[in-house]
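Overview (structure and organization)
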Amino acid sequence: MPINLEAIIESAFEQAFSRALEQTIQSKAEVLFKKAFEDGSSLSKILEEEFEQGFQRFVDEGIQWEKKKPGFRK
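Residues numbered from 1 in each chain as written. Predicted model: local features only at pLDDT ≥ 70, side-chain atom pairs only at ≥ 80, totals over all residues. Heavy atoms only, no water.

**Things to note about the overall build of the protein chain**
Scanning the protein chain from terminus to terminus reveals two helices and zero strands. Burial status across the protein chain gives 3% buried among its 74 residues. With an accessible surface of roughly 7800 Å², the protein chain has 60% of that area assigned to carbon and sulfur atoms. (Helix = DSSP H or I, 4+ residues; strand = E, 2+ residues; numbered from the N terminus. Buried < 20%, exposed > 50% of the residue type's maximum accessible area, 1.4 Å probe, protein only. Areas by Shrake-Rupley, 256 points an atom, 1.4 Å probe, with all protein chains shown as cover.)

**Concerning the side chain of S44**
If you trace the backbone, S44 turns up in helix α2 (residues 42-61). Exposure remark for S44: the relative accessible area of 11% places this residue in the buried category. Contacts of S44, omitting those with residues within four sequence positions, involve A36, F37, E38 and D39. (Contact = heavy atoms within 4.5 Å.)

**Remarks on the side chain of S41**
The residue S41 is located in the loop between α1 (5-36) and α2 in this model. At a separation of 2.6 Å, a polar atom in the side chain of S41 contacts the main-chain carbonyl oxygen of A36. A polar contact is formed between the side chain of S41 and the backbone nitrogen of S44, at a distance of 3.1 Å. (Polar contact = N/O pair within 3.5 Å; in protein donor to acceptor, adjacent residues only side chain to side chain.)

**With respect to a nonpolar patch on the surface**
A contiguous nonpolar patch, built from F33, F37, L43, I46, L47 and F51 and spanning about 590 Å² of accessible area, is present on the exposed surface. If you tally residues by element for the nonpolar patch, the top one is α2, at four residues. The residue L43 is located in helix α2 in this model. The class of L43 is partly exposed, set by a relative accessible area of 38%. (Patch = residues over 30% accessible without salt bridge, like charges linked within 9 Å, V, L, I, M, F, W, Y side chains within 5 Å. Salt bridge = Lys/Arg side-chain N within 4 Å of Asp/Glu carboxyl O.)

**Quick word on a negative patch on the surface**
Together, E38, D39, E48, E49, E50 and E52 make up a negatively charged patch on the protein surface. Within the secondary structure, E52 is located in helix α2. Of the residues examined, E52 reaches a relative accessible area of 47% and is grouped as partly exposed. (Lys, Arg positive; Asp, Glu negative; His and termini not counted. Charge placed at Lys NZ, Arg CZ, Asp CG, Glu CD.)

Structure representation (structure tokens):
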């Protein structure tokens, strides 16, 4: 079976381009989200309130263990 070197190289370049593009987009998106969640931002305040409420529930109620029945759910 002949090996199509040109197709292999083209596929490798496409994959490399796709990975590099994805990494670049993720990096830029991460920068935007970090800015959005900086101290004092509205999103940061919302998150902080949610954390405090969740922590307060944990302190008030403790760990709630659910009794599970053996077997599979249908």
